[in-house]
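Letter by letter, the chains look like this.
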Amino acid sequence: MQEIDGYSDEAMNPQDAEEHELEVAERLHIFASRLNRLASEQVGKKNQVEQRWLDDIRQYHGEYASDEAAKLARAKGSEIFVNITRNKTNAAEARLQDMLFPTDDRNFGIYATPVPELDYISKQMPETEEDANTVEMARRITSEATDSAMAMQDAIDDQLLESRYHIKARDIIHDACQLGTAVLKGPVIIGRTKKRWDVMPDGMSVMQIVEALEPTVERIDPWDFYPDMSAKTISEAEFIFERRRLSKKQLRDMAQLPGVLVSQLREIVKQDAKISHIAKDFTDDIRNITGINTVGEGNKYEVWEYHGPISKSELVDAMKMSDSDYEDEEIDELDDEVEATVFFSGDRVIKVALNPMDSDERPFSVFNWEKDESSIFGFGVPCLMRSAQKVINASWRMMMDNAGLSVADQLVINKELLYPADGSWNMTPKKIWYLRDKTRSVQEAFASFATPSHQVELANIFSMARQLADEETNLPLIAQGEMGQHTTKTSSGMAMLMNSSNIVLRKAVKNWDDDITRPLITRFYDWNMQFNDRSDVKGDFSIEARGSGALLVREKQQENLMIYSNLSMSVPEFAKRRDWAELDREIAKSLELPYDQITLDDQEIAEMEEEQQAMQQQMMQMQAGGGADQLKAELAQVEIQLKTQKLQLDAQKAQAGIEQDQAEMMMKGQIEQAKLELEARKLELEERIQLAQLKNKYQMSSDQLQTKMAIDAEKIRTDRDKAAATTNVRLTDAQLRSRNISNGFDTFG
């Protein structure tokens, strides 16, 4: 039986119980007021950071502050805003997302904590039976620990997948790049409803609805996050406040939760929503910047969630008032404070609960794009390049103003010497002017003055400001997907440049590993060790963050994987140490291929091996079987072999005859060719003799002789070509006959 200030529930009369309840309510009122004042202090201290965030959002959306915009309007000059901040911020966000989550694969690993003694024993070669038992036991323990670590890794990965961790991680990366600070909360326990279809014995399908409490993650809006402002890091924070804006309906739904002080919640709902507000809602300011109509604060109630130490008496008062049971061993008698979570609104406590984690870890992780050594809140890309953006805007406005002044001359007119014919002093084409004094010249009435153009100088300032923005944000053009000055034409050279441009971004990836991945996975590991009913996931494990594993350019990583796999195959000692299945998975991942769809699993491989073994056994049985059928089959096979050998001999003979015929034909062709050449030389000599005789007999001129010689030579060439064509026809005929015979045809035609 629990006691209240020394009186048991049964011993207290109704009047004393009522008075005690009023005393408890008063103490809870004082408790809520203390937390309310503490939250108000953090709100005031955070105001400077929030004003900087508003400047960051204005700069991101290309808007001037109200006072600066008014100043430019009064100057009646250019008011243009050259927004390169958005491009830089989006480039940083995209690069970091691609490096942290290239294929939506897990960016963490869980491994069994190595035990040096077991590792040493499992690698030994046993010499005796006792040693063999010891080595076998060590190997079994190591294997079981590895299997449990893999089961824990799969369980956490499934929990993160159910909570859509990758999508929420991209959202907080956007917060970090834009505002400099992002907050992730987890594990947060929620009731998840799942639908499952079961097939009944009669074949009917019945849908079963299963409800379970599961851990998940949430993105916390940095505008609603109020930690201990005196702390430099989240681990140093004495307490953390989170603001929630709830409607009346949400508050009524909250009354259904266990441990809620319904009487206090009822008093909150009766009040005006604005009474509970202690922090400004910047939603309307952000809407004004983005060009959306403001909606006002509305009727949302401000409910605060406090994580930090409270006194034991405050916890006991809340437990008693909510009729919640608690175990005495949950409260340390040696310490006057306990780690708890408190929900309150204004000066009313809604719910108090102990931190469910035995490790007393708070479920918040903070990530900064650029860390501030003096504060939990860091700096984003807009803040880092604010000065460069101002120079870019100023130089561009000056270029526009200078261009407007220098495009036309300034005119000075003496109105006493002339007047316009149309009565208007505006300058228009073909305008007529009259001189008042004809003794004076027109040059005395008009004078023009040109404003010098400084576009080149101002353009240089603009270019230098852009380079300054690259250096201040550590985001060169090549990291933004644009062609910079130092580009190469080879893939390996571009891979080296991309890898070099990622050097600074590796710092942000390391910050993510240290501030988000490792603490978040550790808290999920602690939750599963404490609350998961599965015994196969329990064990002493270590967490490894893999965010930096994707820093190499993907093409370079593919090349390295292929080189490593080829090296492992070529060296037997390397090959037996390699996990080929995991190496295959990494190669497919680097190539962005669906590994699970194109790879057979272990069961399918085992089935294929069983089929191959069954076929081999069947062949062996057929070969080992006896009987008449077997003998007949063997005799038939021998006959087939004999016929095949006979056909091969006949083919060889035919081939030999063909080759002999071909040789004879080639010899005849060569003889015919020699005869033709001799005949041609003979004809040539006879021609020369005849020409000499004709020249002596008829005394023909040289030109006539040349003409006659050309005609005779053409006849000789024609006869020689006819003979060569006849020889080629014969050779072709012989080759075709040989080919047909070799293909099994008897004749050619």
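Residues numbered from 1 in each chain as written. Predicted model: local features only at pLDDT ≥ 70, side-chain atom pairs only at ≥ 80, totals over all residues. Heavy atoms only, no water.

### Remarks on the overall build of the protein
Each helix and strand counted, the protein has 22 helices and 16 strands in total. Evaluated residue by residue, the protein yields a buried proportion of 33% over its 749 residues. Considering only contacts in the protein between residues 6 or more positions apart, those separated by 24 or more positions represent 72%. Just so you have it, the protein exposes about 47,000 Å², and 52% of that area is on carbon and sulfur atoms. (Helix = DSSP H or I, 4+ residues; strand = E, 2+ residues; numbered from the N terminus. Buried < 20%, exposed > 50% of the residue type's maximum accessible area, 1.4 Å probe, protein only. Contact = heavy atoms within 4.5 Å. Areas by Shrake-Rupley, 256 points an atom, 1.4 Å probe, with all protein chains shown as cover.)

### Quick notes on the packing of helix 12 (residues 386–406) against helix 13 (residues 455–473)
At their nearest, the axes of helix 12 and helix 13 sit 9 Å apart, and the two run at 165 degrees to each other. By the angle between their directions, the pair helix 12 and helix 13 is classed as roughly antiparallel. The handedness of the crossing between helix 12 and helix 13 comes out as left-handed. In this structure, helix 12 uses Ala 388, Val 391, Ile 392, Ser 395, Trp 396, Met 398, Met 399, Asn 402 and Ala 403 to contact helix 13, whose residues at the interface are Gln 455, Leu 458, Ala 459, Ile 461, Phe 462, Ala 465, Arg 466, Leu 468, Ala 469 and Glu 472. A class-by-class count of the residues in the contact of helix 12 with helix 13 yields 14 nonpolar, three polar and two charged. (Axes fitted to C-alpha atoms, helices over the stretch in contact; angles between N-to-C directions. Parallel < 35°, antiparallel > 145°, perpendicular 65-115°, else oblique. Left-handed = near helix turned anticlockwise from the far one by under 90°. Nonpolar A, V, L, I, M, F, W, Y, C, P; charged D, E, K, R; others polar.)

### Topic: the environment of Ser 406
Considering the arrangement of structural elements, one finds Ser 406 in helix 12. Taking the C-alpha atoms as reference points, Ser 406 and Ala 450, 44 residues apart in sequence, are found 6.6 Å from one another. For Ser 406, the contacting residues outside a window of four places in its chain are Thr 451, Pro 452 and Ser 453. Within polar-contact distance, the side chain of Ser 406 engages the backbone oxygen of Asn 402 at 2.8 Å. (Polar contact = N/O pair within 3.5 Å; in protein donor to acceptor, adjacent residues only side chain to side chain.)

### Side note on unusual backbone geometry
With an omega of 0 degrees, the peptide bond running from Gly 186 to Pro 187 counts as cis. Structurally, the position occupied by Pro 187 is in strand 4 (residues 181–199). Despite not being glycine, Arg 164 has its phi angle at roughly 60 degrees, a positive value. Tracing the chain through its elements places Arg 164 in the loop between helix 5 (129–162) and helix 6 (165–179). Arg 164 gets classed as exposed once you look at its relative accessible area, which sits at 54%. Phi angles above zero are rare outside glycine, and Asp 360 is one such case at about 60 degrees. Relative to the helices and strands, Asp 360 resides in the loop between strand 10 (348–354) and strand 11 (364–368). Asp 360 gets classed as partly exposed once you look at its relative accessible area, which sits at 43%.

### Here's the deal with the sheet that holds strand 10
Pairing is antiparallel in the open sheet, where five strands are placed in the order 6-7-8-9-10. Looking at strand neighbours, the two that pair on one side only are strand 6 (225–227) and strand 10, the edges of this open sheet. Strand after strand, the sheet turns through a mean of 25 degrees between neighbouring axes, direction not considered. Across three bridges, strand 6 lies against strand 7 (residues 240–246) in antiparallel orientation. Paired with Pro 227 across the bridge in strand 7 is Ile 240. The strands touched by helix 8 (residues 262–270) are strand 8 (301–311), strand 9 (337–345) and strand 10; relative to strand 10, the strand with the most contacts, the crossing angle is about 145 degrees. (Pairing = 2+ DSSP bridges.)

### Quick word on the environment of Tyr 306
Take Tyr 306: it is sitting in strand 8. Look at Tyr 306 and you get buried, because its relative accessible area is 2%. Remark: the alpha-carbon pair of Tyr 306 and Val 342, spanning 36 residues in sequence, is separated by 4.9 Å. Excluding residues within four positions of it along the chain, Tyr 306 makes contact with Leu 35, Leu 38, Phe 239, Ile 240, Phe 241, Ala 340, Thr 341, Val 342 and Phe 344. Reaching out from Tyr 306, the side chain makes a polar contact with the backbone oxygen of Pro 309 at a distance of 2.9 Å.

### Details of the layout of surface pockets
The calculated volume of the largest pocket comes to roughly 1,500 Å³. Along the walls of the largest pocket sit 44 residues, with Pro 187, Val 188, Ile 189, Ile 190 and Glu 214 positioned nearest its centre. Its residues assigned to classes, the lining of the largest pocket shows 21 nonpolar, seven polar and 16 charged. (1 Å grid on protein atoms, 1.4 Å probe; cavity = no way out; pocket = protein on both sides within 12 Å on 5 of 7 lines; lining within 4 Å. Points joined across faces, edges and corners; volume = space filled by probe spheres on them.)

### What to know about the pattern of salt bridges
Where charged atoms of side chains with opposite charge meet at close range, the side chains can pair. Going through the model one piece at a time under the given rule, you end up with 25 salt bridges. In this structure, Asp 224 engages Arg 243 in a salt bridge whose closest nitrogen and oxygen atoms are separated by 2.8 Å. With Asp 224 in the loop between strand 5 (205–220) and strand 6 and Arg 243 in strand 7, this pair connects stretches of sequence that are 19 residues apart. The pair Asp 224 / Arg 243 is uniform in exposure class, with both members buried. Of the charged contacts, one joins Glu 339 and Arg 362 as a salt bridge, the two residues approaching to 2.8 Å between their closest N and O atoms. (Salt bridge = Lys/Arg side-chain N within 4 Å of Asp/Glu carboxyl O.)

### A short note on the confidence of the model for the protein
The pLDDT averaged across the protein works out to 78; a share of 72% of its residues lies at or above 70. Throughout residues 1–11 the model reports pLDDT below 50, and contacts reaching past four residues in sequence, or to other chains, amount to 16 contacts. (pLDDT = per-residue confidence, 0-100.)

### Quick notes on the side chain of Ser 163
On the secondary structure map, Ser 163 appears in the loop between helix 5 and helix 6. Residue Ser 163 is classed as buried on the basis of its relative accessible area of 3%.

### Observations regarding the nonpolar core
Judged by nonpolar contacts, the single largest core of 46 residues is most densely connected at Leu 96, Ile 110, Ile 156, Leu 160, Tyr 165, Trp 369 and Trp 512. Here this core takes nine residues from helix 15 (residues 505–531), the largest share from any one element. Among residues more than four places away in sequence, those in contact with Ile 110 are Ala 149, Met 152, Gln 153, Ile 156, Ile 521, Phe 541, Ser 542 and Ile 543. Of all hydrophobic cores here, the second largest spans 26 residues; its members include Phe 31, Ala 39, Phe 239 and Ala 279. (Core = buried A, V, L, I, M, F, W, Y, C linked by side-chain atoms within 4.5 Å.)

### Structural notes on a nonpolar patch on the surface
Where nonpolar side chains cluster on the molecular surface, the patch consists of Tyr 419, Trp 425, Ile 432 and Tyr 434 and spans about 380 Å² of accessible area. In this structure, Tyr 419 sits in strand 13 (residues 418–420). (Patch = residues over 30% accessible without salt bridge, like charges linked within 9 Å, V, L, I, M, F, W, Y side chains within 5 Å.)

### Concerning the packing of helix 3 (residues 85–100) against helix 15
Contact geometry of helix 3 with helix 15 gives a least axis separation of 10 Å together with a crossing angle of 60 degrees. Looking at the two axes, helix 3 sits oblique to helix 15. Considering how the two elements wind past one another, helix 3 and helix 15 form a crossing that is right-handed. The segment helix 3 lies against helix 15, with Arg 95, Leu 96, Met 99 and Leu 100 engaging Leu 505, Arg 506, Ala 508, Val 509 and Trp 512.

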